[in-house]
Amino acid sequence: MQDERILSLFFSRSEQAIHEVDQKYGDGLLRFAMRLLGNQQDAEECVNDAYLGAWNTIPPAKPDPLAAYLYRLVRNLACKRYHRETAARRDCRYTVAMQELESCLSAPDSVEDMVQVQELTHLIESFLETLDIENRVIFLRRYWFCDSYAEIAARVGLREKTVSVRLVRLRRKLKLILQEKGGLE
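Every chain is numbered independently, its residues counted from 1 as its sequence is written. Owing to the predicted nature of the model, reporting of local features is limited to residues with pLDDT of at least 70; listing and counting of side-chain atom pairs is limited to 80 or more, with chain, interface and lining totals taken over all residues. Neither water nor hydrogens contribute to the side-chain values; these are computed over all heavy atoms in the structure.

Peer 1: Would you mind going over the overall build of the chain with me for this structure?
Peer 2: Numbering of helices and strands starts at the N terminus; helices are DSSP runs of H or I of at least 4 residues and strands are runs of E of at least 2. Scanning the chain for helices and strands turns up ten helices and zero strands. Reading the secondary structure of the chain in the N-to-C direction produces α-α-α-α-α-α-α-α-α-α. Long-range contacts, defined here as pairs at least 24 residues apart, represent 60% of the contacts in the chain between residues at least 6 apart. Using the Shrake-Rupley algorithm and a 1.4 Å probe, accessible areas are obtained, with residue cover drawn only from the displayed protein chains. Just so you have it, the chain exposes about 10,800 Å², and 50% of that area is on carbon and sulfur atoms. In what follows, a contact means two residues having at least one pair of non-hydrogen atoms within 4.5 Å.

This is the structure in structure tokens:
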């Protein structure tokens, strides 16, 4: 079913909308949540909570594209759950990926003090727009989807070492942009 039709089901408050979203995007959303959480039951709960979130926000929101909106809901919920349940344990692939970006972003308090969250978002979006498609995919697969180097390499047809080197260079480039435009130290 087309996204426009699914949105019209949401707007008419038909419960069929949730069924159609699950049919079209459920497997991918569940795999995504599993990648972040590493637990089937938590991932299923996260996806179900995302469906509820979509139900509660559509309308008035009319997301375009719908898939990105749903993945964002799942990601936000999974990150909250992850941080709540693993605050003391730092062994997840998500943590490893985020630790790689720490050197670019400095300490969280100083980033929030120096740059509003919206400004930081704008700078990162601008950075992503400067990248060619392959590097953008590599960056987003690592830091948005938390894919491993092996998964990224298989997706884009490169060796793991090449992916690793590109990510180092991309982080370095992001850090320079944030230092120049965002005033980070």
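After presenting the structure, the write-up continues.
Peer 1: So what exactly am I meant to see when it comes to the nonpolar core here?
Peer 2: Nonpolar side chains in soluble globular proteins generally cluster together in the buried interior. As used here, the term nonpolar core means buried Ala, Val, Leu, Ile, Met, Phe, Trp, Tyr and Cys residues forming a set that is joined through side-chain atoms within 4.5 Å. Between buried and exposed lies partly exposed: a residue is buried under 20% and exposed over 50% of the maximum accessible area for its type, with that area taken using a 1.4 Å probe on protein chains only. Within the largest apolar cluster, 29 residues are counted, with the highest numbers of intra-cluster contacts made by F10, V21, L29, I58, L66, L70 and V74. Secondary-structure elements contributing two or more residues to this core are α1 (3-11), α2 (16-37), α3 (40-57) and α4 (66-85). Beyond its immediate stretch of four places on either side in the chain, I58 contacts L7, F10, F11, R13, P63, L66 and Y69. Listed in part, the 17 residues of the second largest apolar core include L123, A153, V156 and L167.

Peer 1: Just checking my understanding: could you explain the packing of aromatic side chains for this structure?
Peer 2: Each aromatic ring pair is specified by the distance between its two centres and by the angle formed by the two planes. Aromatic rings from Phe, Tyr and Trp, taking only the six-membered ring of Trp, are treated as a pair when their centres fall within 6.5 Å; an angle between ring planes under 30 degrees marks them as stacked, one over 60 as edge-to-face, and anything in between as tilted. Scanning the entire structure with this criterion turns up six aromatic pairs. Look at F10 and W55: their rings are 6.2 Å apart centre to centre, the planes differ by 50°, and that puts the pair in the tilted class. Within this pair, whereas F10 is found in helix α1, its partner W55 is found in helix α3, the two being separated by 45 residues in sequence. According to the relative accessible area criterion, F10 is buried, its value standing at 1%.

Peer 1: What is the right way to read helix α8 (residues 133-143) from this model?
Peer 2: Since one α-helical turn is 3.6 residues long, residues separated by three or four positions face the same way. Looking only at α8, the buried set comprises N135, I138, F139, R141, R142 and Y143. Where α8 begins, the side chain of D132 points an oxygen toward the backbone nitrogen of E134, at a separation of 3.1 Å. Counting of polar contacts relies on pairs of N or O atoms within 3.5 Å, with two restrictions inside protein: one atom must be capable of donating a hydrogen and the other of accepting it, and residues adjacent in sequence are counted only when both atoms are side-chain atoms.

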